[in-house]
Amino acid sequence: MIKLYNTLTRKKEDFIPISDKQVTMYSCGPTVYNYAHIGNMRAYIFMDSVRRTLRYLGYKIKGVMNITDVGHLLSDGDDGEDKMAKASREQQKSVYEIAEKYTKAFMDDLNKLNIGKPEIIAKATDHIPEMLDYVVKLVEKGYGYETSDGIYFDISKFPSYGKLSGLSLDNQIAGARVDVNDEKRHPADFALWKKADPNHIMQWESPWGMGYPGWHIECSAMSKKYLGSRFDIHTGGVDHIPVHHENEIAQSEALEGHQTVNYWMHGEFMQVDGGKMSKSLGNTYTVSDLERMGYSPMDFRYFCLNTHYRKTLNFTFNALDAAKTAYLRLLTALNEHRKSDKKTDGEVLSRYDDEFTAAISDDINIPLGIGVLWSMLKEPASEDIYDLALKFDRVLGLRLDSKLPEPESVDAPAEVIELASKRLEARKNKDFALSDKLRDEIAALGYGIIDKKDGFELKKL
Ligand code: AMP
Ligand code: ZN
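Anyway, here's the lowdown on the structure attached to this text. Just so you know, these numbers come straight off a predicted model, no measurement behind them.

**Let's talk about the packing of helix H1 (residues 38-56) against helix H9 (residues 297-305)**
For the pair H1 and H9, interaxial distance at closest approach is 10 Å and the crossing angle is 70 degrees. The pairing of H1 with H9 is recorded here as roughly perpendicular in orientation. Contact residues: H1 offers Ile38, Met41, Arg42, Ile45, Asp48, Ser49 and Arg52, while H9 offers Phe300, Arg301, Cys304 and Leu305. Looking at the contact of H1 with H9 residue by residue, the classes come out as six nonpolar, one polar and four charged.

So, in structure tokens, the structure goes:
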């Protein structure tokens, strides 16, 4: 039985799906106004770990992820320009071009990081009728009211508002922005639908004139469409807990009259050098940035997986270097097992198999699972170990069947090449003492030597 930490109850709970046929899961996806940074990608590696673990344990999954291409305003409250509209203005491209460009870049990052795509990818602008229908129903039920700039959700009608974050309404008010909209009945009331001024870049007809949906309604309307009025798991980043997910809960439960999500799961944030990632600090790296600096997506994935999803992960280049080295050691250790034709005792194998399953079943404890893998690789080389490691990789997604990367050959100075040529001669003559001495001399000049069948390659140490 797998246990999952449920943000709603603040406890690890036994996971009991609604249907034994398939698990239904909704994940808040990206707003496609910019390249996703490595912090964002941590959130999707977390989503992927949940999906892979459930599948490994035998569940089928129907997963939905939204692509937000309208309605996400600069603040998670309802102020400021639409993020998409701002990007369109600044980059002198249509909103649709912006959405297409960054959706593609996001999908490329998913592929690079070996993150499996959810079964349904739902674009917000493809679901305007569903959202409008949702808002109309909420207004009919008395949960929505009109102001001069939109339709707002009346949180006073939903007394359990705040139950996910555990923040009282007073705290919510204190946290709400100061420039409160006068017409709102309560500072934490939020927009279901915004009225558009004539030159607003994206707008649709509605019973209240031209406008566009609020960000929160997207997730409620799309999860209902694809997963029904009650589903198993909802994931997102911890930043979504106090506003976006409280608002989703308010909308969905107001409409349905019952709880709609059984398990709320949230991934912790990534920091950089112990602080926030932000454009102004120039530390919002992308996966492509890391690649340009010589780190593979798998180095980064390995780095992420070594911290449990509910812990803050501090990104530093030192830590990424350590992860890169460890990942290479992992592939090297695996290679020894791959080459072997020996067997391992069945009991030993099933002990590791069970330990791995126990680790991931305890609230997706991937770091512990990686620990089990490392212990297992210390066993004498055997093809069975290799096969079992590949089975674990269905959860880890670390492409453990990859070939060891070929060390890069470099242009070395003539002096080094001469020593290496002498060494090749020595090896041919089986003069291993001389060969070792020459290797040391080459190392002293800062170069490593990799022996090839009829030659050598040099690399910088
Ligand atoms: P956004 O595109 O801004 O809506 O964010 C996409 C996802 O990335 C959300 O699930 C956020 O919770 C998550 N996210 C944003 N910043 C970070 C971060 N520094 N670390 C981890 N996740 C983040
Ligand atoms: Zn969402």
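**What about the coordination of the zinc ion (ligand 2)?**
Taken together, the protein ligands of the zinc ion (ligand 2) are Cys28 (SG), Cys219 (SG) and His244 (NE2), with distances of 2.1 to 2.2 Å. In the primary sequence, the donor residues of the zinc ion (ligand 2) line up as C-x190-C-x24-H. With Cys28 in the loop between strand S3 (23-27) and H1 and His244 in helix H7 (residues 241-256), the pair connects residues that are 216 residues apart, well separated along the chain. On the basis of relative accessibility, which here comes to 6%, the residue Cys28 falls in the buried class. Since its relative accessible area comes to 1%, His244 is described here as buried.

**Concerning the packing of aromatic side chains**
One pass over the full model with this rule turns up 18 aromatic pairs. Relative to Phe158, the ring of Phe153 lies with its centre 6.5 Å away and its plane at 75 degrees, an arrangement referred to as edge-to-face. Taken as a pair, Phe153 and Phe158 share a single burial class, namely buried. Aromatic pair Phe303 and Phe315: ring centres 5.7 Å apart, planes at 90 degrees, arrangement edge-to-face. On the criterion of sequence distance, the pair formed by Phe303 in helix H9 and Phe315 in strand S13 (residues 313-315) is long-range, its members being twelve residues apart. Of the two residues, Phe303 and Phe315, both sit in the buried class.

**Topic: the nonpolar core**
Among the nonpolar cores identified, the biggest contains 123 residues, and Met41, Phe153, Ile233, Phe300, Phe315, Leu330 and Leu396 are the most heavily contacted of them. Per-domain counts for this core show at least three residues from each of domain 1 (3-267) and domain 2 (274-396). The residues touching Phe315, leaving out its near neighbours within four places in the chain, are Ile38, Met270, Gln271, Val272, Asp273, Tyr285, Leu290, Phe300, Phe303 and Leu320. Ala412, Leu438, Ile442 and Leu458 belong to the second largest nonpolar core, which has nine residues in total.

**Here we look at the pairing of strand S7 (residues 150-153)**
Each regular strand shows side chains that alternate between the opposite faces of the sheet. Taken together, the four bridges between strand S6 (residues 144-147) and S7 define a ladder with antiparallel strand orientation. Opposite Glu146, over in S7, you have Ile151 as the bridge partner. Counting the residues between successive antiparallel strands, the hairpin from S6 to S7 contains two residues. Sheet topology places S7 next to strand S8 (residues 190-195); four bridges connect them, and they run antiparallel. By the bridge assignment for S8, Gly150 is matched with Lys194.

**A closer look at the sheet that holds S8**
Strand order in this open sheet of four strands is S6-S7-S8-S9, and the pairing throughout is antiparallel. Looking at the sheet topology across the chains shown, the edges are occupied by S6 and strand S9 (211-213). Across the sheet, the mean angle from the axis of one strand to that of its neighbour is 25 degrees, orientation sign disregarded. Against the sheet, helix H4 (residues 128-140) engages S6, S7, S8 and S9, with an angle of about 120 degrees to S8. Contacts between H7 and the sheet are confined to S7 and S8, with S8 contributing the most and set at about 85 degrees to the helix.

Conventions used here
Position labels on residues start from 1 in each chain and follow its written sequence. Chain A is the first chain written and ligand 1 is the first ligand written, with later ones labelled in order. In keeping with the model being predicted, local features are shown solely for residues with a pLDDT of at least 70 and side-chain atom pairs are shown and tallied solely at 80 or more, while totals for entire chains, interfaces and linings include all residues. Only hydrogens and water are set aside when side-chain values are computed; all heavy atoms of the structure are taken into account. To define axes, lines are fitted to C-alpha atoms, for helices over the stretch in contact only, and angles between the resulting N-to-C directions are given on a 0 to 180 degree scale. Only runs of H or I of at least four residues qualify as helices and only runs of E of at least two qualify as strands under DSSP, and these elements are numbered from the N terminus. Geometric relationships in this document are graded by angle, where less than 35 degrees denotes roughly parallel, more than 145 denotes roughly antiparallel, 65 to 115 denotes roughly perpendicular, and other angles denote oblique. Any two residues having at least one pair of non-hydrogen atoms within 4.5 Å are treated as being in contact. Any residue outside Ala, Val, Leu, Ile, Met, Phe, Trp, Tyr, Cys, Pro, Asp, Glu, Lys and Arg is labelled polar, Gly included; the first ten of those are nonpolar and the last four are charged. A donor here means any N, O or S atom no more than 2.8 Å from the metal (3.2 Å for Na, K and Ca); water is not included, so a site may seem to lack partners. Accessible area is worked out with a 1.4 Å probe on protein chains only. A residue is then buried under 20% of its type maximum, exposed over 50%, and partly exposed in between. Any two of the Phe, Tyr and Trp rings considered here, Trp counted by its six-membered ring, make a pair once their centres fall within 6.5 Å; the pair's planes then place it as stacked at under 30 degrees, edge-to-face at over 60, or tilted in between. Joining through side-chain atoms within 4.5 Å is the link that ties buried Ala, Val, Leu, Ile, Met, Phe, Trp, Tyr and Cys residues into a set, and such a set is a nonpolar core. Domain delimitation in this document rests on an assignment produced automatically or drawn from a domain database. In this description, strands pair whenever DSSP reports at least two bridges between them.

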